Amino acid sequence: MSEVNQDVPKASDTYRRLLTYIKPFKRQFAYAIAGMIGYAITEASFAALMKPLLDGSFVEQDSQAIVFVPLVIILIFIIRGVAGFASTYYMSWIGWSVIKQLRKEVFAKYLSLPTRFYDNASSGELISRITFNSQRVAQAASSTLTIMVRDSLTAIGLLALMFWQSWQLSLCFLVIGPIIGLIVDRVSRQFRAVSRNIQDSMGDVSHVIQEAVDGSRVIKIFGGQATEENHFEMANESNRAFNMRETAIRALNVPIIQMLVAIALAIIVYLASSGGIAERLSVGEFMSFVTAMLLLFQPLRRLTSLNSQIQNGIAAGETLFATLDLESEIDTGVKQLEPPITTIYFKDVGLRYVSGKPNVLQNVNLTIKQGETVAFVGESGSGKTSLVNLLPRLYDLTEGSIEINGVATTEYTMASLRDAIAYVSQDVMLFNDTIANNIAYGFHGEHDPSALLNACKTAHAHDFIMDFPDQYETMVGENGVMLSGGQRQRVAIARAILKNAPILILDEATSALDTESERKVQQGLEALMSTRTTLVVAHRLSTIERADKIIVMDKGNVVEVGSHRELLANGSHYSNLHQLHSDRT
Ligand SMILES: Nc1ncnc2c1ncn2[C@@H]1O[C@H](COP(=O)(O)OP(=O)(O)O)[C@@H](O)[C@H]1O
Ligand SMILES: [Mg+2]
């Protein structure tokens, strides 16, 4: 399963694709931009106001300025407050909407991916794509837009003001500014490296804890406490050390930057007051210049981080889009599979899970008629599960075809095909919900309660369910941990019975039951099996003696077919298995 696209997408394509997620929010985007423009204007106006404030109000005692300047200060901050709120609020609005949309798409994708994909996937990784990557992508997209619009406008406004006050000083600033910028960038780069290390070391800490919690029984029995404490100490200590380094760098960061700014300020003050470079400025003009210069540092710093932010977003976006571009299950059939199911025909079926590896099934030819019960036996690993998985197309076969009612299964819609099949798989999966909801899964609450009760009685599950204090409303816990293996299997059988589909597949469905309970479940199932087509993978041979047909499998081949009696009489494989089995029990 190749997850990596053959052609690596161009960074600009990824970014453009990211921006398409913002498109639906044009209105909010316009508000946010308006807010950013307003914010940028107030920054520059505040610096500009220094001139009338100092020259007018203080130096010349201009009575107009004395009234006018305080009013403008209030006005500027009102506009700044509203504009700042609008830009933050609406960018965040867009950001979270994009996160929601991305999560929705990735989740839907997960539901549509073929079973094969999950064989090689780590669930932790798949979860973090939805939770973490989507958030990083959206944050990068909105913060880069904010930087591009708000900070660059602010910078342009402030620079324009500075040039207007004194182009000579501004030119000096343009020489000193970038040098300071470079140093600041150096410092913050180190800062970023350390914070990445902290994230990793935090991951190590949680990893050790998780293992200690999950493996508590193994640790106890094998006396692993000291080993685990050691592991934890290492992770814990390195986390502490990285955090201290971060603190040191962070604490140094501010005074270093302030020092650099002070140096720049000192140079400008010297140049302005010595009168060498610039013509003499008024106090107000000079303060206006200096204010603009100081206000300029923040947006400039953010503008220099723009590229790394974009890279962040692109890196997270690439994984996300690669996931969205994975191929879904192929569901191109248009025919509706409708009962009755008259024949199921496996025609030269071959299956290979991994290309380059040998087939796990080959040349399987098999005809199953309506109402028949067909049992599959064979050593573990002989391909029984693989074979029955092909019928609901959990995997697609690599050779041959499977026909139901004379039509290849691929020509039916996936939904109608799977609708016709009830399946109890070898490992039971239960949702962390009530027993009743687990059994009625797929009915969306529209099942007949008496049918549910009957299904549970048939599956021999009713009695143990009624013994729980909450009965059918008992929560089964994560993947059914509150139930024993045998109870889980009976719940799964009840779920399959309730589905009432014409084809029933039971893959070692009673393997965790004791002989007595298995016999009871068997009795219940017998009536059911007589009215539908059943494929049973047998765990105990004694359970399939009455099957219409027994298929003996060995290393992916069907080696014998016949009834119990026929196979015992002239088969070799089956009678050997039978012999082994009678010796064992
Ligand atoms: N999802 C899978 N990916 C790769 N190989 C698999 C997968 N499932 C089963 N196999 C391999 O296919 C062979 C048949 O397995 P299976 O059908 O589970 O046998 P059985 O049900 O008879 O015990 C085994 O060798 C097993 O390792
Ligand atoms: Mg199996």
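What counts, and where the lines are drawn
Here, residues in each chain are numbered from 1, in the same order as that chain's written sequence. Chain letters start at A and ligand numbers start at 1, both assigned in the order the entries are written. In view of the model being predicted, local features appear only for residues whose pLDDT reaches at least 70, and side-chain atom pairs are presented and counted only at 80 or more, with totals across whole chains, interfaces and linings using the full set of residues. With hydrogens and water stripped out, all remaining heavy atoms of the structure feed into the side-chain values. Each residue is tested against the molecule or strand, and it is near if at least one of its non-hydrogen atoms lies within 4 Å. What qualifies as a polar contact is a pair of N or O atoms within 3.5 Å, subject to a donor-acceptor requirement within protein and to the restriction that residues adjacent in sequence count only when both atoms come from side chains. Shrake-Rupley sampling with a 1.4 Å probe provides the accessible areas, and residues are treated as covered by the protein chains on show and by no other component. Secondary structure follows DSSP: runs of H or I at least 4 residues long count as helices, runs of E at least 2 residues long count as strands, and numbering of each begins at the N terminus. Amino acid classes used here: Ala, Val, Leu, Ile, Met, Phe, Trp, Tyr, Cys and Pro are nonpolar; Asp, Glu, Lys and Arg are charged; the rest, including Gly, are polar. Each metal's donors are the N, O and S atoms within 2.8 Å of it, or within 3.2 Å when it is Na, K or Ca, and because water is not part of the set, sites may look incomplete. Three labels apply to residues, based on accessible area from a 1.4 Å probe with only protein chains included: buried if under 20% of the type maximum, exposed if over 50%, partly exposed otherwise in between. Among buried residues, the Ala, Val, Leu, Ile, Met, Phe, Trp, Tyr and Cys ones that are joined through side-chain atoms within 4.5 Å form a nonpolar core. When checking whether two residues touch, look at their non-hydrogen atoms; a contact exists if any pair is within 4.5 Å. The quantity known as pLDDT measures the predictor's confidence residue by residue, on a range of 0 to 100. Pairing between strands requires that DSSP locate at least two bridges from one strand to the other. Simply put, an axis is a line fit to the C-alpha atoms, just over the touching stretch for a helix, and the angle between two N-to-C directions goes from 0 to 180 degrees. An angle below 35 degrees is read as roughly parallel, one above 145 as roughly antiparallel, one from 65 to 115 as roughly perpendicular, and any other as oblique. Any Lys or Arg side-chain nitrogen located within 4 Å of an Asp or Glu carboxyl oxygen qualifies as a salt bridge. For this analysis, a ring pair means two rings from Phe, Tyr or Trp (six-membered ring only for Trp) whose centres lie within 6.5 Å, classed as stacked if their planes differ by under 30 degrees, edge-to-face if by over 60, and tilted for the remaining angles. Working rule for helices: expected span equals 1.5 Å times residues minus one. Across the chain, bend at a residue is computed as the angle between axes fitted to the seven residues ending at that point and the seven starting from it. Distance thresholds for patches are 9 Å for like charges and 5 Å for nonpolar side chains (Val, Leu, Ile, Met, Phe, Trp, Tyr), applied to residues having over 30% relative accessible area and no salt bridge.

## Structural notes on the site of ligand 1
Taken together, Asp-119, Tyr-353, Val-360, Glu-379, Ser-380, Gly-381, Ser-382, Gly-383, Lys-384, Thr-385, Ser-386 and Tyr-395 are the residues near ligand 1. Measuring from an oxygen atom of ligand 1, one finds a backbone N or O atom of Gly-383 at 3.0 Å. Tyr-395 is positioned such that a nitrogen or oxygen atom in its side chain is 3.2 Å from a nitrogen atom of ligand 1. Coverage of ligand 1 by the protein chains reaches 63% of its 560 Å² of free accessible surface. A total of three residues in the shell around ligand 1 trace back to one element, the largest contributor, which is helix H11 (residues 384–390). Its residues assigned to classes, the shell around ligand 1 shows three nonpolar, six polar and three charged.

## Re the coordination of the magnesium ion (ligand 2)
Coordination of the magnesium ion (ligand 2) by the protein involves Thr-385 (OG1) and Gln-426 (OE1), with metal-donor separations of 1.9 to 2.4 Å. Here Thr-385, found in helix H11, pairs with Gln-426, found in the loop between strand S6 (421–424) and helix H13 (435–439); they are 41 residues apart in sequence, far enough to count as distant. Since its relative accessible area comes to 35%, Gln-426 is described here as partly exposed.

## A look at the nonpolar core
Ile-435, Ile-439, Cys-456, Ile-465, Ile-493 and Leu-525 are the most contacted members of the largest nonpolar core, which totals 36 residues. At seven residues, the largest contribution of residues to this core is made by helix H16 (residues 485–499). If we ignore the near neighbours within four places in the chain, the residues touching Cys-456 are Ile-439, Ala-461, His-462, Ile-465, Tyr-472 and Ala-494. Tyr-21, Met-91, Leu-102 and Ala-138 belong to the second largest nonpolar core, which has 32 residues in total.

## Description of the confidence of the model for the chain
Of the residues in the chain, 94% have a pLDDT of 70 or more, and the chain-wide mean is 83. In this model residues 1–6 is a low-confidence stretch, pLDDT under 50, and it forms eight contacts with partners more than four residues away in sequence or in other chains.

## Describing the sheet that holds strand S4 (residues 399–404)
On the basis of which strands lie adjacent, the open sheet formed by four strands has the order S2-S1-S4-S5 and antiparallel pairing. The open sheet has two edge strands, strand S2 (361–369) and strand S5 (407–408), and neither has a second partner. In the sheet, strand S1 (residues 343–351) pairs with S2 via six bridges, with the strands oriented antiparallel. In the sheet register, Thr-343 faces S2, and the bridge partner there is Lys-369.

## Notes on the packing of helix H1 (residues 11–20) against helix H10 (residues 306–324)
Following both chains from N to C, one finds H1 and H10 inclined at 80°, their axes separated by 9 Å at the closest point. By the criterion of interaxial angle, the relationship of H1 to H10 is roughly perpendicular. Only Ile-310, Gly-313, Ile-314, Gly-317, Glu-318, Phe-321 and Leu-324 of H10 make contact with H1, whose side of the interface consists of Ala-11, Thr-14, Tyr-15, Arg-17 and Leu-18. Considered class by class, the residues forming the contact of H1 with H10 number seven nonpolar, three polar and two charged.

## Side note on unusual backbone geometry
For residues that are not glycine, phi is negative in most cases, and the peptide bond is trans in most cases. At the junction of Pro-339 and Pro-340, the peptide bond is cis and its omega measures out at 0° in the coordinates. Phi at Glu-508 takes a positive value of approximately 45°, unusual for a residue other than glycine. Examined against the element boundaries, Glu-508 turns out to sit in the loop between strand S7 (503–507) and helix H17 (515–530). In the Ramachandran plot, Lys-555 falls in the positive-phi region, its phi being about 50° despite a non-glycine side chain. Relative to the helices and strands, Lys-555 resides in the loop between strand S9 (549–554) and strand S10 (557–562).

## Examining the pattern of salt bridges
Scanning all chains against the criterion turns up 15 salt bridges. The shortest N-O distance in the salt bridge between Lys-51 and Glu-285 comes to 3.5 Å. Of this pair, Lys-51 sits in helix H2 (residues 26–59) while Glu-285 is found in helix H9 (residues 283–304), placing the two residues 234 residues apart along the sequence. Classification of Lys-51 as partly exposed rests on a relative accessible area of 27%.

## A few points about the sheet that holds strand S8 (residues 533–537)
The sheet built from six strands is open, its strands ordered S6-S7-S8-S3-S9-S10 with mixed pairing. A single partner strand is all that each edge strand has here, and the edge strands are S6 and S10. Direction aside, neighbouring strands of the sheet carry axes that sit 15° apart on average. In the packing of H16 onto the sheet, the strands contacted are S6 and S7, and the crossing angle to S6 comes to about 175°. Set on the sheet, H17 makes contact with strand S3 (373–378), S7 and S8; between it and S7 the angle comes to about 145°.

## Description of the pairing of S4
Consecutive side chains along a regular strand alternate between the two faces of the sheet. Pairing analysis gives five bridges linking S1 to S4, with the strands arranged antiparallel. Residue pairing for S4: Gly-350 is matched across the bridge by Glu-399. Pairing analysis gives two bridges linking S4 to S5, with the strands arranged antiparallel. When the bridges of S5 are listed, Ile-404 appears paired with Val-407. Remark: two residues form the turn of the hairpin made by S4 and S5, two consecutive strands paired antiparallel; Asn-405 in that turn has positive phi of roughly 50°.

## A short note on the packing of aromatic side chains
Applying the stated rule across the entire model yields 11 aromatic pairs. With 5.2 Å between their ring centres and 85° between their planes, Phe-117 and Tyr-118 make a pair best called edge-to-face. When the centroid spacing of 6.1 Å and the interplanar angle of 80° are considered together, the rings of Phe-173 and Phe-297 count as edge-to-face. One end of the pair, Phe-173, is in helix H6 (residues 167–214); the other, Phe-297, is in helix H9, and 124 residues separate them in sequence.

## Some remarks on the side chain of His-564
Here His-564 shows up in helix H18 (residues 564–570). What makes His-564 buried here is its relative accessible area of 14%. Discounting residues that sit within four places of it in the chain, His-564 has contacts with Glu-545, Ile-550, Tyr-574 and His-578.

## Focus: H9
End to end, H9 covers 32 Å across 22 residues, agreeing with the expected 32 Å (1.5 Å per residue, within 8%). The largest bend in H9 is about 30°, located at Phe-297, with the proline Pro-299 one to four residues further on. The complete set of buried residues in H9 reads Gly-284, Phe-286, Ser-288, Phe-289, Val-290, Thr-291, Ala-292, Met-293, Leu-296, Phe-297 and Pro-299.

## Examining a nonpolar patch on the surface
Together, Ile-37, Ile-41, Leu-153 and Ile-156 line one region of the surface with nonpolar side chains, adding up to about 350 Å² of accessible area. Put simply, the parts of the chain that give the nonpolar patch at least two residues each are H2 and helix H5 (123–165). Taking the relative accessible area as the measure of exposure, Ile-156 reaches 55% and is therefore exposed.

## Here we look at the environment of Thr-385
Its relative accessible area of 25% is what places Thr-385 among the partly exposed residues. Residue contacts for Thr-385: discarding those within four places in its chain leaves Gln-426 and Asp-507. At 2.8 Å, the side chain of Thr-385 and the side chain of Asp-507 are in polar contact.

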